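# A look at the structure
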Amino acid sequence: MRKILKFIGLGVAALCCVPLSVSAQGTDTIAITLKDAWDIALSKSLTVMVADKEIEKTGYEKKGAYASLFPNVNFSGSYQRTIKKQTMVMKMGETTQRISMGTDNNISGGFSASMPLVNVALWRSLDISGRSVDLAVEKARQSRQDLINQVEQAFYTCLLASDLCDVYKENYSNAEENYRQTKAKFESGRVAKYDMIRAEVNMQNAEPNVYDSQNNLMLALWQLKALMGINLNTNIKCAGSLSDYTYQMQQIIMAADTIDLSENSTLKQLDIQEDILQKTYKMQVAQYYPTLAATAQYNWISMSNDLKIFHYTWNPYSVAALSLQIPIFSGLQRLNNVRQVKVQQEQLSLQKENARRGLVVAAKQSLSSLETALKQYKAAKATVEGAQTGYDIAKKMYEVGRATILEVNDAQLALLQSKLNLNQSIHSYLTAKSSLDLVLGVDRTEKELFGKGEQMQPERQLVIKKEDTGAEN
């Protein structure tokens, strides 16, 4: 029950992020499978959409970086109006002459092109751009994995809430039947009034649990719908029950040194960042290398003292050049940049090791939870069979007057607790397995994870209408 309350708290927080629709919704309940929930969530998740846009953005950044290898061609033009001309003074004998230089109007225009021929730092930066795209792709993969994990655990919580609701309803039905039988015996004088009162109290105590379980189921479904991104007023239910997934429950033994974290998204991102830093280091070192670039210009220039442009004489001229630049001294800026990258590499190495240790601990915790849940399931399964037999015997003995109502109530309580423990153990196993898959980076959409509860009839397949998604709200 504490795990249900935990998920309920998350569900209530998620309600603030989902718009409510006031339009009328259909009354038909739609049965969804775990695969349906995944597909809808992945298609509606804003987090996944943002991650996909990041991939698209970095793709354009990569293309823009490669554009630096091609010639850069520009056209430029300028107009210059002389306000006061430059004066040249010449002295010829005793006579001094002043001559004004230039024209009133100067117009020029032309094309220029430049292209790097040798630039090692630029080439290194192109490698960084390519790895940035890989990093964005991995981040998008992690977003999908996180969403799938949340939806999967919310789906299992809905199944647990539904199964607990059925258990409490069955318990109330048994208590109600015992009360009717006890009341009939009291009216016929075969039992004391005390027995009837005890049976009535037992029935009344079972009733609030039914209401609580129904409310928990509703909140769990709200959380699932919020994660899926559909309207909260859409009537859905999770197909099957927890018992349909018991085929997954098996012993998983994995030593700490054999835990395979090669597919973990966090470590993959750190590996890519490590590679980017290595390339960044090489790029900073390349700042010491000479660069060679080619430039070319083709311009027209005209000068005149009037503004009659058609009377101007245009004089073309062209220039081609090679530019060699050799770095000598930059105030130790390049050296400090190289040292900074080295420190970042050491920092990332420590972060990677720390992340790996944390992931190993998380994997071991999930494995321990799996082992505990499996033991609890085996014990609870045997307990349910014994509790059911004990309740049936106590009920028969009470009917023939060889047992008291207290013994029946005790047997009923034992049956209730054993069924609750059974469902809780299955849920604990499935959620721990989901957490382990997330740590190991398992692609759960490719797994064989559908039991008989997922085998739906064609008429029960999920069809989410456009108005049910809340997209227009």
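These numbers were taken from a predicted model, which means no experiment stands behind them.

### Things to note about the overall build of the protein chain
- Each helix and strand counted, the protein chain has 8 helices and 8 strands in total.
- A burial count over the protein chain gives 38% of its 473 residues as buried.
- Here the contacts in the protein chain between residues at least 6 apart in sequence split such that 84% fall between residues at least 24 apart.

### Points about the pairing of strand 4 (residues 95-101)
- The pairing of strand 3 (residues 86-92) with strand 4 spans 7 bridges and is antiparallel. Counterpart to Gln86 in the pairing with strand 4 is Met101.
- Counted along the chain from strand 3 to the antiparallel partner strand 4, the turn is 2 residues long, and its residue Gly93 has a positive phi close to 70 degrees.

### Brief notes about helix 8 (residues 405-440)
- When the terminal C-alpha atoms of helix 8 are compared, their 52 Å separation across 36 residues agrees well with the 52 Å that a helix rising 1.5 Å per residue should span.
- Phi for Gly441, located one or two positions after helix 8, is positive at around 75 degrees.

### With respect to helix 5 (residues 193-228)
- Counted at 1.5 Å a residue, the expected span for helix 5 with its 36 residues is 52 Å, and the 54 Å between its end C-alpha atoms agrees.
- The first or second residue beyond helix 5 is Gly229, which carries a positive phi of 80 degrees.

### So, the side chain of Asn423
- Tracing the backbone through its elements, the reader meets Asn423 in helix 8.
- In this structure, Asn423 is in contact with Leu160, Asp163, Leu164, Val167 and Leu242, ignoring residues within four places of it in sequence.

### Some remarks on the sheet that holds strand 7 (residues 291-304)
- Pairing is antiparallel across the open sheet formed by 4 strands, whose spatial order is 2-5-7-8. Each end of this open sheet is capped by a strand with a single partner; those strands are strand 2 (72-81) and strand 8 (315-325). Across the sheet, the mean angle from the axis of one strand to that of its neighbour is 20 degrees, orientation sign disregarded.
- As defined by bridge partners, strand 7 adjoins strand 8 across 11 bridges and the pair is classed as antiparallel. Note on strand 8: the bridge partner recorded for Trp300 is Pro316.

### What to know about the nonpolar core
- Residues Ile32, Val151, Phe155 and Leu224 are the most contacted members of the largest nonpolar core, which totals 60 residues.
- Elements represented by at least two residues in this core include exactly strand 1 (30-32), helix 2 (34-44), helix 4 (120-187), helix 5, strand 6 (236-238), helix 6 (265-285), helix 7 (333-399) and helix 8.
- Per-element accounting of this core gives the leading share, 13 residues, to helix 4.
- The next biggest cluster of nonpolar side chains, apart from the first, holds 16 residues, and it includes Val191, Met203, Tyr391 and Ala411.

### Comments concerning a nonpolar patch on the surface
- Taken together, Val73, Phe75, Phe111, Tyr298, Trp300 and Trp314 make up a surface patch of nonpolar side chains, about 630 Å² in accessible area.
- Breaking the nonpolar patch down by element, the ones donating at least two residues are strand 2 and strand 7.
- The class for Trp314 is partly exposed, based on a relative accessible area of 36%.

### Some words on the packing of helix 3 (residues 46-66) against helix 4
- Taken N-terminus to C-terminus, the directions of helix 3 and helix 4 make an angle of 175 degrees; their axes are 9 Å apart at the nearest point. In terms of orientation, helix 3 and helix 4 fall into the roughly antiparallel class. Within the contact between the two elements, helix 3 uses Thr47, Val48, Ala51, Asp52, Glu54, Ile55, Thr58, Gly59, Lys62, Ala65 and Tyr66 and helix 4 uses Leu126, Ser129, Gly130, Ser132, Val133, Ala136, Val137, Ala140, Ser143, Arg144 and Leu147.

### What to know about unusual backbone geometry
- Positive phi outside glycine occurs at Leu332, with the angle close to 65 degrees.
- Within the secondary structure, Leu332 sits in the loop between strand 8 and helix 7.

### Observations regarding the packing of aromatic side chains
- Counted by the stated rule, this structure contains 4 aromatic pairs.
- Ring centres of Tyr298 and Trp300 lie 5.0 Å apart, and the angle between their planes is 75 degrees; on these two criteria the pair is classed as edge-to-face.
- Judged by its relative accessible area of 39%, Tyr298 falls in the partly exposed class.
- Put simply, the rings of Phe75, Phe111, Tyr298 and Trp300 pair up and form one aromatic cluster.

### Some details on the pattern of salt bridges
- Within the structure shown, the criterion is met by 18 salt bridges.
- In this structure, Lys375 and Glu371 form a salt bridge, with 3.5 Å as the shortest nitrogen-oxygen distance. A residue pair is termed a helical-turn pair when its members lie 3 or 4 positions apart in one helix, as Lys375 and Glu371 do in helix 7 at 4 residues.
- In this structure Glu371 comes out as partly exposed when scored by relative accessible area, which is 34%.
- Linked by salt bridges that have partners in common, Glu138, Arg141, Glu263 and Lys268 make up one network.

### With respect to the packing of helix 4 against helix 8
- It is the contact of helix 4 with helix 8, at a shortest axis distance of 10 Å, that shows an interaxial angle of 175 degrees. On the basis of the axis angle, helix 4 is roughly antiparallel to helix 8.
- In the contact of helix 4 with helix 8, the residues fall into 13 nonpolar, 15 polar and 5 charged.

What counts and how
Residues numbered from 1 in each chain as written. Predicted model: local features only at pLDDT ≥ 70, side-chain atom pairs only at ≥ 80, totals over all residues. Heavy atoms only, no water. Helix = DSSP H or I, 4+ residues; strand = E, 2+ residues; numbered from the N terminus. Buried < 20%, exposed > 50% of the residue type's maximum accessible area, 1.4 Å probe, protein only. Contact = heavy atoms within 4.5 Å. Pairing = 2+ DSSP bridges. Expected span 1.5 Å × (residues − 1). Axes fitted to C-alpha atoms, helices over the stretch in contact; angles between N-to-C directions. Core = buried A, V, L, I, M, F, W, Y, C linked by side-chain atoms within 4.5 Å. Patch = residues over 30% accessible without salt bridge, like charges linked within 9 Å, V, L, I, M, F, W, Y side chains within 5 Å. Areas by Shrake-Rupley, 256 points an atom, 1.4 Å probe, with all protein chains shown as cover. Salt bridge = Lys/Arg side-chain N within 4 Å of Asp/Glu carboxyl O. Parallel < 35°, antiparallel > 145°, perpendicular 65-115°, else oblique. Phe/Tyr/Trp six-rings, centres within 6.5 Å; stacked < 30°, edge-to-face > 60°. Nonpolar A, V, L, I, M, F, W, Y, C, P; charged D, E, K, R; others polar.

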